[in-house]
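Read off the chains here:
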Amino acid sequence: MIKVAVWGTGMMGQGLLGFILDRPKDVEIVGVIAHDPHKEGMTVGELIGRECDLPITTDFEAVLAKKPDVVCICTQSFLHEVTDQVEPSVKAGANVLCIAETLAYPWASDQQWAERFDALAKEHGVSILGTGVNPGFVLDALPVMLSSACLRVDRIEAQRVNDLSPFGPTVMKTQGVGTTVEEFRAGIADGTIVGHIGFPESIHLIAQALGWKIDRVEQTREPIITGVERSTPHVHVAPGDVCGCRHIGWGYSGDELKIELIHPQQIHPGLEGQETGDYIRVFGDPDINMSNQPEIPGGKGTYASTGNYIPLIGAAPAGIVTVVDMPLPRFWAPTV
Ligand code: NAD
């Protein structure tokens, strides 16, 4: 029986709670931590519509005092934002699984911050692993796995064409959905529109696994302009305005392009005939060309892959580990 705490009760935290409740003989949920005081005292059952009387709390210290083996953090994206959750969890002696995109390879965004997390985890004899569908799987771990069938690998190109429609207002803003083209370009310039978070992390994960030295990461973000009206519960986009962001990242070794990641994200791509999917090309001997349609869903993919690491993280070495250091991930079948 693994003792688990879930920190963050938004879309991903809720999905993960459902995954855990499906494994009653394998996992004991010792606590669920929310940020929003309105959720204090609400039960997990009330939050996600399942049978579970465990009350949600904002008192993280009380939850960590129950000594969870694993804390799953599903709150925010950047290292400075998750520090207040990662550090107390580690100090309480828990392994950490966290879906913050930057934690997939924290050295890419802040070397010193990564070293601080790594040293703290080693001091307490626990592991910190950044998980998720992207970064964490489709554009990094999966291409790395495919490369294991090659005699030689020269270059990797991976593309994820996805549908942003299920996501909430924060994602719409950071992707620039609903803006005019001028507003989109101004948002990119002032940093309020960022597109995807995670390309430097995915590029460095692939490079680390394949022993490539990446000297330079470049990125571009272009507006996807809709020809038809598109709407979600959170945004309305008129023809001629921006329905998404086409984000591309390149990793170079010297002047040689080694990794190209292409990620056009938009709401309702099907309205203009665009199918979603994940596509990976490994150029080498042999060439590998993998295609998956439709896309692996970003939400389910993220909380499933995080939950499926719960039984694996206990055996990981202390410190920060990445998905390319871990054993092959796999579906965790519930004990019946
Ligand atoms: P969400 O907005 O639905 O939920 C986030 C939750 O975290 C909210 O309930 C919020 O109140 C809570 N929160 C924020 N700060 C907190 C704190 N200090 N303590 C406790 N709770 C706090 O978002 P989501 O869809 O669940 O995603 C969560 C994060 O994970 C986002 O930053 C998202 O970008 C990232 N994400 C990563 C991947 C990946 O593939 N790596 C996939 C999906 C989401």
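Notes on the structure follow.

On to the site of the ligand. The local shell around the ligand holds 21 residues, among which M11, M12, S77, E101 and N134 are the closest. Q76 places a polar side-chain atom, nitrogen or oxygen, 3.4 Å from a nitrogen atom of the ligand. Between V133 and the ligand, the recorded distance is 3.0 Å, taken from a backbone N or O atom to an oxygen atom. Starting from 860 Å² of accessible surface for the ligand in isolation, the protein chains cover 77%. Grouping the amino acids of the shell around the ligand by side-chain chemistry returns eight nonpolar, 11 polar and two charged.

Our focus in this paragraph is the state of the cysteines. Tallied over the entire structure, the rule returns zero disulfides. Cysteine C245 shares no disulfide, and the gap to the nearest cysteine sulfur, in C243, comes to 11 Å. Take C245: its relative accessible area is 0%, and that puts it in the buried class.

What follows covers the pattern of salt bridges. For the coordinates displayed, the defined rule picks out 12 salt bridges. Put simply, R216 and D255 hold a salt bridge, and the shortest N to O gap is 3.9 Å. Of this pair, R216 sits in strand β7 (residues 216–225) while D255 sits in the loop between β10 (242–253) and β11 (256–266), and the two are 39 residues apart along the sequence. For D255, a relative accessible area of 73% corresponds to the exposed category.

Taken as a whole, the second largest pocket encloses approximately 210 Å³ of empty space. Taken together, 13 residues make up the lining of the second largest pocket; nearest its centre are F137, G301, A304, S305 and N308. When its residues are assigned to classes, the lining of the second largest pocket shows six nonpolar, six polar and one charged.

Further remarks concern the sheet that holds strand β13 (residues 288–292). Each strand in a sheet pairs with its neighbour through backbone hydrogen bonds, running either in the same direction (parallel) or in the opposite one (antiparallel). Within the open sheet, the six strands sit side by side as β7-β10-β11-β6-β12-β13. Their pairing is mixed. Each edge of the open sheet carries a strand with a single partner, namely β7 and β13. Here the strands of the sheet are splayed against their neighbours by 10 degrees on average, with no regard to which way each runs. Sheet topology places β7 next to β10; 10 bridges connect them, and they run antiparallel. What sits directly across from V217, in β10, is G251.

When you tally the buried positions in strand β2 (residues 27–33), you get six out of seven residues, the bulk of the element. Here strand β1 (residues 2–7) pairs with β2 via six bridges, running parallel. Each bridged residue has a counterpart across the sheet, and for W7 the counterpart in β2 is I33. As a crossover connection, the stretch from β1 through helix α1 (residues 11–21) into β2 is right-handed.

Here we come to unusual backbone geometry. With an omega dihedral of 5 degrees, the bond running from N134 to P135 counts as a cis peptide bond. Relative to the helices and strands, P135 resides in the loop between β5 (127–130) and α6 (141–147). The phi torsion at H268 lies on the positive side, around 45 degrees, for a residue other than glycine. With respect to the element layout, H268 can be found in the loop between β11 and β12 (277–285). With relative accessibility at 27%, the residue H268 sits in the partly exposed group.

Conventions and cut-offs
- Residues numbered from 1 in each chain as written.
- Predicted model: local features only at pLDDT ≥ 70, side-chain atom pairs only at ≥ 80, totals over all residues.
- Heavy atoms only, no water.
- Near = heavy atom within 4 Å.
- Polar contact = N/O pair within 3.5 Å; in protein donor to acceptor, adjacent residues only side chain to side chain.
- Areas by Shrake-Rupley, 256 points an atom, 1.4 Å probe, with all protein chains shown as cover.
- Nonpolar A, V, L, I, M, F, W, Y, C, P; charged D, E, K, R; others polar.
- Disulfide = S-S within 2.5 Å.
- Buried < 20%, exposed > 50% of the residue type's maximum accessible area, 1.4 Å probe, protein only.
- Salt bridge = Lys/Arg side-chain N within 4 Å of Asp/Glu carboxyl O.
- Helix = DSSP H or I, 4+ residues; strand = E, 2+ residues; numbered from the N terminus.
- 1 Å grid on protein atoms, 1.4 Å probe; cavity = no way out; pocket = protein on both sides within 12 Å on 5 of 7 lines; lining within 4 Å.
- Points joined across faces, edges and corners; volume = space filled by probe spheres on them.
- Pairing = 2+ DSSP bridges.
- Axes fitted to C-alpha atoms, helices over the stretch in contact; angles between N-to-C directions.
- Right-handed = clockwise from strand over helix to strand, strands pointing away.

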